[in-house]
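Working through the structure, step by step
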Amino acid sequence: MIDREQVLHVAKLARLKLNDEEVERMASELSGILEHVERISELDLDGVEPTSHVIALENVLRPDQPRRSWDRDEMLERAPDPASGAYRVPSPQA
Amino acid sequence: MAGDLIDLTVAEAAERIRSGELAADEYFDAYRDAASRDSLNAFLWTAEDAEEGGDGPLGGIPIAIKDIFCTEGIPTTAGSRILEGYRPPYTATAVRKLREAGARVLGKVNMDEFAMGSSNENSGYGPVLNPWDSGRVPGGSSGGSAAAVAGRLAPCAIGTDTGGSIRQPAALCGIVGMKPTYGAVSRYGMIAFASSLDQCGPLTRDVTDAALVLQAVEGRDPCDSTSIGIEGGIGLPSSEDLKGLSFGIPKELASEAEGIESGVKEVFERTVALIEELGGEVSETELPHAPHGISAYYVLAPAEASANLARFDGVRYGMRVDAGDLTEMYEETRANGFGDEVKRRIMLGTYALSSGYYEAYYGRAQRVRTKIAEDFSKAFERFDFVVTPTSPTVAFKLGAKTDDPLAMYLNDYCTVPMPLAGIPAISIPAGLAAPDDGGPELPVGFQIAGPAFSDSAMLDAAHALEGAIGFGGNGATT
């Protein structure tokens, strides 16, 4: 149901590198799971509203008051490669 | 002496500490010693020194925290190698509130990576073992929380439940586990798996202790705009009977459900008979869309997860694998940092949300979710509660389902419909049963679910039933 090409496409979207063995396994496992999931296509869901949130809540607001945010250095301490007060990453086009 | 101490419930210990009969430090030391001898791989981090306790309702009570809750300065991994060594700069609201109630963090406990799993075999730090039989799983994803409490390594714990991750391990380990109404407890500082489903709840030895822990953590939090709290708070349960209450047994999740072990069925039926003896009315009902819960859940939860886990990219925290350009760095970091199940769910979720498939999977699953919630609403017009077995089987053997993701997902058959509807549900130990594949008897969980915000009433009913069941809970061998 889901082939090698599709697995590679989705892996690219998800920014996941998969090795050949993982691609094969993923194709067969995802197909099995999706086959089960497909059962919902039998249901008549015309006119049924989708649910994205279960509890009725609307416009939860708070006063717009300025407050201190996190300390920059404390945040950068946790980064794999902080530099000059920022997060350093490899070039997008190395 | 230490043996006696660790047999106390939270309510008993808190009372003795309040009256001065028990020194909080002595109690903490007894558990720290027990936790340091952990042979179940439940603890990922244990406190060396006792935190300053308060004199609130949980004054001096040590508590195990699922490693999905951020704790300032204390390692927090969510069971993933991608967060190895990470120490958060802030503390989850649930943990802060436990401390304000006087509790002391005893340790951080193991879990399926990012809460994805039903056996705790998906942890990046090795599986947790079931204290009743170390060859079997404790359930998941809050497997460390359940094993620590059942194995007498902690008096109580908190976990998170997205599709059954508190109730199923509680059932498999013979303890109480409760998923509160969605919005009862703040999700701030709880590393997100599926935000519209995730909810924090207690894992304890008995129902009173579950109420005590929930009482401390519930409440509206400005840091989580989806949190509401429980109006009027959580009262301590006291009911001894079920007079005037009605219980529906949804046939789809009981008599007609496939794959329920015969021993589990027997214990379930025996427990239903006890409800009647306690004066409760019982009859069969239906939740026609509940059998589609697994399908809807395994689209919606992975879809939300695929978005939530995008933040683990090797830039701001956690591990990084250096590689060529930026995209390769992302891909290699995530390939090395995530385990198999997390990758599977990210792939599944990304696929379900991708162009051309969105409506067929995600859109339809959201509509099934509506139907499941409507089924429950209809049932609650006639009944105060619905009851089901918590898990189709008792604890299974390590490795038994690791090669078959779908078989693993079906463990959640009876527990996914409730979070999809946002309603509260509790699992209490109801007895012992031998697994279908033979071997000694193991705990069976009984699930009670109620309408949204019926948490206190549900605890009360569970308390009455617990008294009638009289589960000893002393079979854990460690």
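Residues numbered from 1 in each chain as written. Chains lettered and ligands numbered in written order. Predicted model: local features only at pLDDT ≥ 70, side-chain atom pairs only at ≥ 80, totals over all residues.

Quick notes on the overall build of chain A
- Along the backbone of chain A there are three helices and two strands.
- When the helices and strands of chain A are read in sequence order from the N terminus, they spell out α-α-α-β-β.
- Whereas a compact globule of 94 residues would reach a radius of gyration of roughly 12 Å, chain A reaches 23 Å, over 25% beyond that.
- With the C-alpha coordinates aligned to their principal axes, the bounding extent of chain A is approximately 55 × 45 × 20 Å.
- When each of the 94 residues of chain A is scored for burial, the buried share is 17%. (Helix = DSSP H or I, 4+ residues; strand = E, 2+ residues; numbered from the N terminus. Rg over C-alpha atoms; globule rule 2.2 N^0.38 Å. Buried ≥ 20, exposed ≤ 12 C-beta atoms within 10 Å, placed from the backbone.)

Section: the overall build of chain B
- Looking only at helices and strands, one finds 15 helices and eleven strands in chain B.
- A compact globule built from 478 residues should have a C-alpha radius of gyration of about 23 Å, and chain B, at 21 Å, falls within 12% of that.
- Taken over the C-alpha atoms alone, chain B extends approximately 70 × 55 × 45 Å along its principal axes.
- Looking at the 478 residues of chain B, the share that counts as buried comes to 65%.
- Contacts in chain B between residues at least 24 apart in sequence constitute 77% of all its contacts with a sequence separation of at least 6. (Contact = placed C-beta atoms within 7 Å.)

What to know about the interface of chain A and chain B
- Counting residues at the interface gives 44 residues for chain A, matched by 54 residues for chain B.
- Looking at the side of chain A that touches chain B, the elements with two or more residues in it are α1 (4-13), α2 (20-37) and α3 (72-76) of chain A.
- Here the side of chain A that touches chain B takes seven residues from α2(A), the largest share from any one element.
- Split by residue class, the side of chain A that touches chain B holds 27 nonpolar, eight polar and nine charged. (Nonpolar A, V, L, I, M, F, W, Y, C, P; charged D, E, K, R; others polar.)

What to know about the pairing of strand β6 (residues 199-204) of chain B
Residue and element names in this part refer to chain B.
- Burial analysis of β6 places six of its six residues in the buried class, which makes it a mostly covered element.
- Two strands pair when backbone bridges link them, and strand β4 (residues 156-161) and β6 are joined in this way by six bridges, in the antiparallel orientation. Bridging across to β6, Thr160 finds its partner in Cys200.
- In terms of strand pairing, strand β5 (residues 176-179) meets β6 through two bridges, oriented antiparallel. If you follow Val176 over to β6, its bridge partner there is Thr204. (Pairing = 2+ DSSP bridges.)

Digging into the nonpolar core
All names here are of chain B.
- With 171 residues, the main nonpolar core has Ile63, Ala94, Ala148, Ala154, Ala157 and Val299 as its most contacted residues.
- A total of nine residues in this core trace back to one element, the largest contributor, which is helix α9 (residues 293-308).
- Excluding residues that lie within four positions of it along the chain, Ala154 makes contacts with Tyr31, Ala35, Pro62, Ile63, Ala64, Leu106, Ala148 and Val149. (Core = buried A, V, L, I, M, F, W, Y, C linked by C-beta atoms within 7 Å.)

Section: the environment of B:Ala101
Residues and elements named next belong to chain B.
- The topology assignment puts Ala101 in the loop between α4 (93-100) and β3 (104-109).
- Put simply, Ala101 and Pro57 are 44 residues apart on the chain and 5.7 Å apart in space, counted from C-alpha to C-alpha.
- In this structure Ala101 touches Gly56, Pro57, Leu58 and Ala216, once residues within four positions along its chain are discounted.

Concerning unusual backbone geometry
- A cis amide bond links B:Gly140 to the next residue, B:Ser141, at an omega of 5 degrees.
- Mapped onto the secondary structure, B:Ser141 falls in the loop between β3 and α5 (143-150).
- The phi dihedral of A:Ser84 falls on the positive side, at around 50 degrees, and the residue is not glycine.
- Classification of A:Ser84 by C-beta neighbours within 10 Å gives exposed; the count is 6.
- Backbone geometry places B:Phe453, a non-glycine residue, at a positive phi of 70 degrees.

Observations regarding the confidence of the model for chain B
- Taken over all residues, the pLDDT of chain B has a mean of 96, while the share at 70 or more is 98%.
- Scoring of the predicted complex yields 0.97 for pTM and 0.95 for ipTM. (pLDDT = per-residue confidence, 0-100.)

Considerations on helix α3 (residues 24-36) of chain B
- Look at α3(B): 18 Å from first C-alpha to last across 13 residues, which is about the 18 Å you get at 1.5 Å a residue.
- Turning to α3(B), its buried residues number three or more, namely B:Ala24, B:Tyr27, B:Phe28, B:Ala30, B:Tyr31, B:Arg32, B:Ala34 and B:Ala35. (Expected span 1.5 Å × (residues − 1).)

Details of helix α7 (residues 207-217) of chain B
All names here are of chain B.
- Burial within α7 is extensive, with eleven of its eleven residues counted as buried.
- Buried within α7 we find Val207, Thr208, Asp209, Ala210, Ala211, Leu212, Val213, Leu214, Gln215, Ala216 and Val217.
- Count one or two residues on from α7 and you reach Gly219, which has phi positive near 140 degrees.

Structural notes on the confidence of the model for chain A
- Confidence in the prediction for chain A averages 93 pLDDT; 99% of positions are at 70 or higher.
- By mean pLDDT, α3(A) is the weakest element of chain A at 94, and α1(A) is the strongest at 97.

Comments concerning the sheet that holds strand β10 (residues 425-433) of chain B
All names here are of chain B.
- With mixed pairing, the eleven strands of this open sheet are ordered in space as β1-β3-β2-β4-β6-β5-β10-β11-β9-β7-β8. For this open sheet the edge positions go to β1 (43-46) and β8 (281-285), each flanked by a neighbour on one side alone. Sheet twist, expressed as the average angle between the axes of neighbouring strands with direction ignored, equals 30 degrees.
- Bridging between β10 and strand β11 (residues 442-449) involves eight bridges; their strand directions are antiparallel. Residue pairing in the sheet places Ser427 in a bridge with Gln447 of β11.
- On the sheet, α3 packs against β1, β2 (62-66) and β3 and is oriented at approximately 10 degrees with respect to β3.
- Set on the sheet, helix α12 (residues 358-382) makes contact with β7 (246-250), β8 and β9 (385-389); between it and β7 the angle comes to about 145 degrees. (Axes fitted to C-alpha atoms, helices over the stretch in contact; angles between N-to-C directions.)

What about the pairing of β7(B)?
Residue and element names in this part refer to chain B.
- Counting buried positions along β7 yields four of five residues, so the element is predominantly enclosed.
- Sheet analysis places β7 next to β8, joined by five bridges and oriented parallel. Within β8, the residue paired with Gly248 across the bridge is Ser283.
- Handedness of the crossover joining β7 and β8 through helix α8 (residues 262-277) is recorded here as right-handed. (Right-handed = clockwise from strand over helix to strand, strands pointing away.)

Observations concerning the environment of B:Pro131
- Residue position: B:Pro131 is located in the loop between β3 and α5.
- For B:Pro131 and B:Ala150, which are 19 residues apart along the polypeptide, the C-alpha to C-alpha distance reads 6.7 Å.

Focus: the packing of α1(A) against α2(A)
All names here are of chain A.
- Between α1 and α2, the shortest axis-to-axis distance is 9 Å and the interhelical angle comes to 105 degrees. Comparing the axis directions of α1 and α2 gives the class roughly perpendicular. Packed against α1, whose contacting residues are Arg4, Val7 and Leu8, the element α2 presents Val23, Met26 and Ala27 at the interface.
- Class assignment for the residues of the contact of α1 with α2 results in five nonpolar, no polar and one charged. (Parallel < 35°, antiparallel > 145°, perpendicular 65-115°, else oblique.)

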